[in-house]
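Examining the three-dimensional arrangement
One letter stands for each residue in the lines below.
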Amino acid sequence: MPEASRPVGAHGQVRPTRPQEADGRVETVQWGELLAEARQRLAASPAVEAPGVDARRIVEAASGVSPAEFESVLGEPATTLTAARFRSMLDRRDGGEPLQYVTGSWGFRTLDLMVDRRVLIPRPETEVVAGWAVDEAARRSAEEGRDREVVVVDLGTGSGAIALSVAVECPQARVFATDVSVDALSVARANLAGLGRAAARVSLHEGDWFDAVPGALRGSVDVVVSNPPYIGAGEELPPVVADWEPPVALWSGPEGHEAVERVIGGASQWLGPGGALVLEVASHRAHETAHMVAETGFADVRVEQDLAGLERVVIGRLP
């Protein structure tokens, strides 16, 4: 906008304008001011536990800067479009929408993943699950004294967090990622497109659990990994989860272990000798799940903790 058309103050100085004024004039507010606005507003929101953190992430996402560039942008003016994007994101977060969906991306191990309401939000406990899957894939690759290609199946891949992490962190892995949700696979496909060279070793398959896995792999898979739904009908979830994340990825059935049982039962048929099953499970059912894994014929069954110290991962190996 030409300066001649801007309003002037009492002493003739050009007065900065704000968005949403009656005459629709252009935004000239700095990012530091928008950060302060976000902090103040989110601090008063009952849906937000860490207003300072959330305000910073929204400014980073709206301005397009990396965390390392954050301080340098605070003295810069926002454009009309970026300021509008900022306020849209702030409205969504203030309304209770999870920060990860508001920003549209979230970090997972070494990856920056696209996420939205079509998929579960990637969580730290699942990063631990992915780490164990990477370890088991590396073990299988090294067992013959030389690196060999290993076949990894990720059931219920969602955003692709586990599958893509395994592919990036274990160069010997050939990863087959499945999901019954077409919407989830669309998100995983977008994340796969940004993976780089490792993307050539990942394929996505639509279908219900092992029904989606190519039949030629039966009996020869090295690692099956899954974060299946494990919430029962009588269990409660926080509103920020229950109201926003996809129900198909949360609710297993009346008892909460139905999906886990299907994964365990199929894994014994699809894994080859020495193959490993890595499962994320409900912490209060971890030992019950480990017992089911052992009863299905797995050996060396163990339960591992997540970063919060909760028993979250069940691992078993076929003899």
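Quick look at the overall build of the protein now. On a plain count of helices and strands, the protein comes out with 11 helices and 11 strands. In terms of principal-axis extent, the alpha carbons of the protein reach across some 85 × 45 × 30 Å. Of all 319 residues assigned to the protein, the portion counted as buried reaches 49%. Across the protein, the fraction of contacts at a sequence separation of at least 24, relative to all contacts at a separation of at least 6, is 64%. Approximately 14,700 Å² of the protein is accessible, and the part contributed by carbon and sulfur atoms is 52%. A distance of 5 Å separates the average location of the 30 positive side-chain charges in the protein from that of its 47 negative side-chain charges.

Turning to the packing of aromatic side chains, a few remarks are in order. Applying the stated criterion to the full structure yields 2 aromatic pairs. Relative to F86, the ring of W31 lies with its centre 6.3 Å away and its plane at 80°, an arrangement referred to as edge-to-face. Separated by 55 residues along the polypeptide, W31 in helix α1 (residues 31–43) and F86 in helix α4 (residues 80–94) bring together distant segments of the chain. Comparing W31 with F86, the two get one shared label, buried. For the ring pair F210 and W270, a centre distance of 5.7 Å and an interplane angle of 15° mean the geometry is stacked. With F210 in the loop between β5 (202–206) and β6 (221–226) and W270 in helix α10 (residues 258–270), the pair connects residues that are 60 residues apart, well separated along the chain. Lying across the ring of F176, R174 places its NZ or CZ 4.3 Å from the centre. The ring of W132 is capped by R302, whose NZ or CZ atom sits 4.9 Å from the centre of that ring.

Within the largest apolar cluster, 61 residues are counted, with the highest numbers of intra-cluster contacts made by W31, F86 and V152. Here V152 is in contact with A137, V166, A173, R174, V175, F176, V223 and V225, once residues within four sequence places are set aside. Listed in part, the 30 residues of the second largest apolar core include L277, A282, V293 and V314.

This part is about the environment of V175. Summarising the element assignment, V175 is placed in strand β4 (residues 173–179). In sequence terms V175 and V29 are 146 residues apart; their C-alpha atoms lie 47 Å from each other. Sequence-distant contacts of V175, defined by excluding residues within four places in its chain, comprise V152, A163, V166, A167, R201, V202 and S203.

Moving on, we get to unusual backbone geometry. Of note in this structure, R109 is not a glycine but carries a positive phi near 55°. Structurally, the position occupied by R109 is in the loop between β1 (105–108) and β2 (111–114). Judged by relative accessible area, which is 33%, R109 ranks as partly exposed. One non-glycine residue with positive phi stands out, namely W209, at about 50°. Structurally, the position occupied by W209 is in the loop between β5 and β6.

Between its first and last C-alpha, helix α8 (residues 182–193) extends 16 Å over 12 residues, near the 16 Å set by a 1.5 Å rise per residue. Looking only at α8, the buried set comprises A184, L185, V187, A188, N191 and L192. Looking down the long axis of α8, one finds its buried residues gathered within 155° of arc, a one-sided arrangement. Here the buried face of α8 lies against β2, α7 (161–169), β4 and β5. Its side-chain oxygen 3.3 Å from the backbone nitrogen of D183, S181 forms the N-cap of α8.

Here we come to the sheet that holds strand β11 (residues 311–317). Taken in spatial order, the 7 strands of this open sheet run β5-β4-β3-β6-β9-β11-β10, and their pairing is mixed. Where the open sheet ends on each side, the last strands, each with one partner, are β5 and β10 (299–305). The sheet shows a mean angle of 15° between the axes of neighbouring strands, direction not considered. Against the sheet, α7 engages β3 (150–155), β4, β5 and β6, with an angle of about 175° to β4. Lying over the sheet, α8 contacts β4 and β5, oriented at roughly 170° with respect to β5.

With that settled, the discussion passes to the side chain of T178. Within the secondary structure layout, T178 lies in strand β4. In this structure, T178 is in contact with D154, L155, G156, T157, H205, W209, A212 and V213, ignoring residues within four places of it in sequence.

Moving on: the pairing of β5. By the criterion of burial, β5 is predominantly enclosed, with 4 of the 5 residues buried. Across 5 bridges, the pairing between β4 and β5 is parallel. By the bridge assignment for β5, T178 is matched with H205. For the segment spanning β4, α8 and β5, crossover handedness is right-handed.

Following the sequence through the fold, Q30 ends up in the segment before α1. Q30 gets classed as partly exposed once you look at its relative accessible area, which sits at 35%. Between the alpha carbons of Q30 and A83 there is a distance of 9.3 Å; along the sequence they are 53 residues apart. Excluding residues within four positions of it along the chain, Q30 makes contact with L74, G75, E76, P77 and A78. A polar contact is formed between the side chain of Q30 and the backbone oxygen of G75, at a distance of 3.1 Å.

Here is what the cut-offs are and how they apply
Residues numbered from 1 in each chain as written. Predicted model: local features only at pLDDT ≥ 70, side-chain atom pairs only at ≥ 80, totals over all residues. Heavy atoms only, no water. Helix = DSSP H or I, 4+ residues; strand = E, 2+ residues; numbered from the N terminus. Buried < 20%, exposed > 50% of the residue type's maximum accessible area, 1.4 Å probe, protein only. Contact = heavy atoms within 4.5 Å. Areas by Shrake-Rupley, 256 points an atom, 1.4 Å probe, with all protein chains shown as cover. Lys, Arg positive; Asp, Glu negative; His and termini not counted. Charge placed at Lys NZ, Arg CZ, Asp CG, Glu CD. Phe/Tyr/Trp six-rings, centres within 6.5 Å; stacked < 30°, edge-to-face > 60°. Lys NZ or Arg CZ within 6 Å of the ring centre and 35° of its normal. Core = buried A, V, L, I, M, F, W, Y, C linked by side-chain atoms within 4.5 Å. Expected span 1.5 Å × (residues − 1). Arc of directions from axis to C-beta. Polar contact = N/O pair within 3.5 Å; in protein donor to acceptor, adjacent residues only side chain to side chain. Pairing = 2+ DSSP bridges. Axes fitted to C-alpha atoms, helices over the stretch in contact; angles between N-to-C directions. Right-handed = clockwise from strand over helix to strand, strands pointing away.

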